[in-house]
Amino acid sequence: MPAHQLAPDILAAEREHLAVSRAALTAMRRHAQSLSADAAGDWVSQQVLQGLLDQRVAALADHPDTPLFFGRLDRGTAPADELPGTLHVGRRHVHDGAGQALVIDWRAPVSRAFYQASPADPMGVARRRRFGYQAGELTAFEDEDLTHGGSLGTSKILTDEIERPRTGPMRDIVATIQPDQDEIVRADLGVTVCVQGAPGTGKTAVGLHRAAYLLFTHREKLSRSGVMIVGPNRAFLSYISSVLPALGEVKVDQSTVAGILGDHAHPEDPAVAAIKGDARMAPVLRRALWLHVVKPEEGVLVTRGVNRYRVADYEVREIVASLRGTTRYNPGRTALAQRLAHAILVQMERRGESPDDRVQDAVARSKSVKQVIDQTWPKLTPEQVLHRLLSDAAFLARAAKSDLTAEEQQALLWAKPAKSFRSAKWSAADAALLDELADLMERTPSHGHLVVDEAQDLSAMQLRALGRRCRTGSATVLGDLAQGTTPWSARSWETVLRHLGFEKGSERSGGTETAVTELTLGFRVPREVLDYAARLLPSIAPELAPPRSLRPGAGSLSIRQTDDLPGALAEAVGRALAREGSIGVIVPDALTAEMSAALALPHEVLTPDAAGDHRVLLIPATLAKGLEYDHVILLDPAVITAAEPQGLARLYVALTRAVTTLTILHTDPLPPELR
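Residues numbered from 1 in each chain as written. Predicted model: local features only at pLDDT ≥ 70, side-chain atom pairs only at ≥ 80, totals over all residues. Heavy atoms only, no water.

- By the naming in an unreviewed UniProt entry, the chain is DNA helicase, taken from Acrocarpospora phusangensis.

Put into structure tokens, the structure is as follows:
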């Protein structure tokens, strides 16, 4: 289907509608700014209301580089709703002073036809119009007739937008969402969706747009319970940070697993970390905690005035036994004090006294009750329990039982135990164990929805920690089994869902269902590059179907062996600079400093804490996951492969970061799978 230049009359009409819409959005924002929180009764209410007003103002910000609408629907002669027959679809709802809709939010039910309508099922739409734009100005359009019953062909505007060079952070894909992506985006809040997505299929963008859709559809509920985005590192979060604000969603928490569990980074043997990340650690930790509760050796004696009241030792043991393991640790400790106090109050009543709740609380806080509780049910922190577990062989054996082998127990024990839990240095794997213990002591608060990206790289214990944070909500789980680069990488999404607390085909607390879907059609990575990277799949993920790409990308891949790697790199970067778009130089981690020093051209080295804003970025291979660049220059694939046990998966990640060209420079022979 040819793309037409806008005729003067249509150009004037559509640009006029855009100008009117922008003016209306400005008026909406000014009205929001004029509202005052002073009307709220007390200071706290004023602060809450002011926060909501500030969010509203921020959500109504205009982005001049993109038009307010990217499509238009011309509906049938008599629409069933009260909306006009012609609808402009955009990033947010805009109305005029009379309340007339000028732009319909892409998340509104009526907008679904923009993504799903076809000649076979026009969904009440006679014509769909797509707009091309440049720097916020409308430049072209395509009309799709949905009444003739034939096929639509390929949209040049859609293709041009997908292939547009990328600079800076990730952009939204709201104008180019495909039907299969739209089905995922619009999945109900009560469904946990797991997306297996090959490189370039837009799985990350789909997850972010689903978060935006759910916030629009379930605003009141999710404004209370919250939505959280979990990414692999802070550089990745920085890269995606602009997507949701561009869609009008400014209050969404974003974090890494380390940011949630605690930024513990003490180095650790990967084999030991793999044991700690195993789901078998969950029952070990539970036993380790409850082993601290012991049988009471004596009863309780409470003196009130001239009267003395006693709870016999066997009664105390019965109360402890009834509570042990049936509640979380800290509430159980509180309940024990109240049960003992209640037993005393029963004796008081039998003597004709009339004690009230204040008396019971006073008895529960009495020295004699506290003494028994401290001996029987001691006050603990997660760090105390884990320190004892990793430094006391006999205690570890009692907690492990048959869940861990003798060799695994020996591997877990610290060679040089810290003198106390306060001086212990914790690893990233320890952070998940501490979180498990913390939840056994006090219930972890839950979000309404959680989006987890690169989920295939998380250990079972990390997944359990994230699952606790959406136990009363749902999740969007994103990843690619072929890109698993940790020793504990998942081999199936059913396993991931089980560790999160969701079972495929079943319902969990709150009625949440699950669905696993696969995206194999790529829109960003050129076919020539993707086919080359797919040579690794038989070795790293033989069960996955090879991904396909809509973009042929002829000439997008070049491979060169050289004895002068710094010189070849400078030459390749120079060629890329002559073209439009971002440039990512992916290097083995061990060569990062050397290549940075050798590259005389201006550049920036990517770190775990920031995405970087220079046009030329030098990227350690371990930080490349989830990022994309128009032009990628990859150095020494064999060195990347040899650097870690999952080296081939790491190489697969690095090979699939390019969206226009991939240049491979190497001194060592390529891995056999790529020759």
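Here's the deal with the overall build of the chain
Turning to step 1, where the next piece is worked out: Scanning the chain from terminus to terminus reveals 28 helices and 23 strands.
Turning to step 2, where the next piece is worked out: C-alpha atoms of the chain, sized along the principal axes, occupy 100 × 70 × 45 Å.
Turning to step 3, where the next piece is worked out: Taking all 675 residues of the chain together, the buried fraction comes to 53%.
Turning to step 4, where the next piece is worked out: Accessible surface, the chain as shown: approximately 29600 Å² in total, 52% of it carbon and sulfur.
Turning to step 5, where the next piece is worked out: If you average the places of the 76 positive and of the 82 negative side-chain charges in the chain, the two averages end up 6 Å apart. (Helix = DSSP H or I, 4+ residues; strand = E, 2+ residues; numbered from the N terminus. Buried < 20%, exposed > 50% of the residue type's maximum accessible area, 1.4 Å probe, protein only. Areas by Shrake-Rupley, 256 points an atom, 1.4 Å probe, with all protein chains shown as cover. Lys, Arg positive; Asp, Glu negative; His and termini not counted. Charge placed at Lys NZ, Arg CZ, Asp CG, Glu CD.)

Re the packing of helix 13 (residues 313–323) against helix 14 (residues 329–350)
Geometrically, a packed helix pair is captured by the angle between its two axes and the distance between the axes.
Turning to step 1, where the next piece is worked out: Contact geometry of helix 13 with helix 14 gives a least axis separation of 10 Å together with a crossing angle of 145°. At the point where helix 13 passes helix 14, the crossing takes the right-handed sense. For the pair formed by helix 13 and helix 14, the contact residues are Val316, Ile319, Val320, Ser322 and Leu323 on the first element and Gly332, Ala335, Leu336, Arg339 and Leu340 on the second.
Turning to step 2, where the next piece is worked out: Its residues assigned to classes, the contact of helix 13 with helix 14 comprises seven nonpolar, two polar and one charged. (Axes fitted to C-alpha atoms, helices over the stretch in contact; angles between N-to-C directions. Left-handed = near helix turned anticlockwise from the far one by under 90°. Contact = heavy atoms within 4.5 Å. Nonpolar A, V, L, I, M, F, W, Y, C, P; charged D, E, K, R; others polar.)

A short note on the nonpolar core
Turning to step 1, where the next piece is worked out: Formed by 162 residues in total, the largest nonpolar core has its most connected members in Trp106, Leu389 and Leu655.
Turning to step 2, where the next piece is worked out: Considering each element in turn, this core owes the most residues, nine residues, to helix 14.
Turning to step 3, where the next piece is worked out: Sequence-distant contacts of Leu655, that is, excluding residues within four places in its chain, are made with Val529, Tyr532, Ala533, Leu536, Leu634, Leu662, Ile664 and Leu674.
Turning to step 4, where the next piece is worked out: With 17 residues, the next largest nonpolar core counts Leu565, Leu569, Ala576 and Leu635 among its residues. (Core = buried A, V, L, I, M, F, W, Y, C linked by side-chain atoms within 4.5 Å.)

Brief notes about empty space enclosed by the protein
Turning to step 1, where the next piece is worked out: For the structure shown, the criterion picks out four cavities of 30 Å³ or more.
Turning to step 2, where the next piece is worked out: In this structure, the largest cavity occupies an estimated 390 Å³ of space.
Turning to step 3, where the next piece is worked out: Looking at the largest cavity, it is lined by 27 residues, and the ones nearest its centre are Gly200, Thr201, Gly202, Arg524 and Glu628.
Turning to step 4, where the next piece is worked out: Those elements giving two or more residues to the lining of the largest cavity turn out to be helix 6 (203–217) and strand 23 (658–666).
Turning to step 5, where the next piece is worked out: Grouping the constituent residues of the lining of the largest cavity by class yields 12 nonpolar, nine polar and six charged. (1 Å grid on protein atoms, 1.4 Å probe; cavity = no way out; pocket = protein on both sides within 12 Å on 5 of 7 lines; lining within 4 Å. Points joined across faces, edges and corners; volume = space filled by probe spheres on them.)

Digging into the UniProt feature "binding site: ATP" (unreviewed entry) in the chain
Turning to step 1, where the next piece is worked out: Following the UniProt record, the feature "binding site: ATP" (unreviewed entry) maps to Gly197, Ala198, Pro199, Gly200, Thr201, Gly202, Lys203 and Thr204 here. Looking only at the residues we just named, the largest cavity is lined by Ala198, Pro199, Gly200, Thr201, Gly202, Lys203 and Thr204.
Turning to step 2, where the next piece is worked out: You can see Thr201 is positioned in the loop between strand 8 (191–197) and helix 6.
Turning to step 3, where the next piece is worked out: In this structure Thr201 comes out as buried when scored by relative accessible area, which is 1%.
Turning to step 4, where the next piece is worked out: Leave out the neighbours within four places in its chain, and Thr201 touches Gln181, Leu519, Thr520, Leu521, Gly522 and Phe523.
Turning to step 5, where the next piece is worked out: Of note is the side chain of Thr201, whose polar atom sits 2.6 Å from the backbone oxygen of Ala198.
Turning to step 6, where the next piece is worked out: Structurally, Thr204 is set in helix 6.
Turning to step 7, where the next piece is worked out: Leaving out residues up to four positions away in the same chain, Thr204 has contacts with Met170, Phe236, Ile240, Asp453 and Leu478. (UniProt positions renumbered as here; feature names shortened; annotations may be inferred. Polar contact = N/O pair within 3.5 Å; in protein donor to acceptor, adjacent residues only side chain to side chain.)

Description of the packing of aromatic side chains
Turning to step 1, where the next piece is worked out: Inspection of the entire model under this criterion finds seven aromatic pairs.
Turning to step 2, where the next piece is worked out: Each ring, one from Trp290 and one from Tyr329, has its centre 5.4 Å from the other, and the planes form 55°; the classification is tilted. Of this pair, Trp290 sits in helix 12 (residues 281–290) while Tyr329 sits in helix 14, and the two are 39 residues apart along the sequence.
Turning to step 3, where the next piece is worked out: For Trp290, a relative accessible area of 4% corresponds to the buried category. (Phe/Tyr/Trp six-rings, centres within 6.5 Å; stacked < 30°, edge-to-face > 60°.)

Overview of the pairing of strand 7 (residues 137–145)
Turning to step 1, where the next piece is worked out: Judged from the eight bridges that link them, strand 6 (residues 125–134) and strand 7 form a sheet pairing that is antiparallel. When the sheet's bridge partners are listed, Arg127 is paired in strand 7 with Asp145.
Turning to step 2, where the next piece is worked out: The turn joining strand 6 and strand 7, which pair antiparallel and follow one another in sequence, is formed by two residues; a positive phi near 50° is taken by Ala135. (Pairing = 2+ DSSP bridges.)

Observations regarding the layout of surface pockets
Turning to step 1, where the next piece is worked out: Taken as a whole, the largest pocket encloses approximately 1400 Å³ of empty space.
Turning to step 2, where the next piece is worked out: Around the largest pocket sit 42 residues that line it, and Pro232, Ala428, Gln462, Thr486 and Trp488 are the ones nearest its centre.
Turning to step 3, where the next piece is worked out: Of all the secondary-structure elements, those providing two or more residues to the lining of the largest pocket are helix 10 (257–261), helix 11 (270–277) and helix 20 (428–441).
Turning to step 4, where the next piece is worked out: Broken down by element, the lining of the largest pocket gets its largest block of residues, four residues, from helix 20.
Turning to step 5, where the next piece is worked out: Broken down by class, the residue content of the lining of the largest pocket amounts to 18 nonpolar, 14 polar and 10 charged.

Comments concerning the packing of helix 17 (residues 382–391) against helix 20
Turning to step 1, where the next piece is worked out: Their axes nearest at 9 Å, the elements helix 17 and helix 20 cross at an angle of 125°. Put simply, helix 17 runs oblique to helix 20. Relative to helix 20, helix 17 is oriented so that their crossing is right-handed. In this structure, helix 17 uses Pro382, Glu383, Val385, Leu386 and Leu390 to contact helix 20, whose residues at the interface are Asp430, Leu433, Leu434, Leu437, Ala438 and Met441. (Parallel < 35°, antiparallel > 145°, perpendicular 65-115°, else oblique.)

Let's talk about unusual backbone geometry
Turning to step 1, where the next piece is worked out: The backbone of Lys401 sits at a positive phi, close to 50°, despite the residue not being glycine.
Turning to step 2, where the next piece is worked out: In this structure, Lys401 sits in the loop between helix 18 (393–400) and helix 19 (406–412).
Turning to step 3, where the next piece is worked out: In this structure, Asp636 is a non-glycine residue whose phi angle is positive, near 45°.
Turning to step 4, where the next piece is worked out: Summarising the element assignment, Asp636 is placed in the loop between strand 22 (629–635) and helix 27 (637–642).

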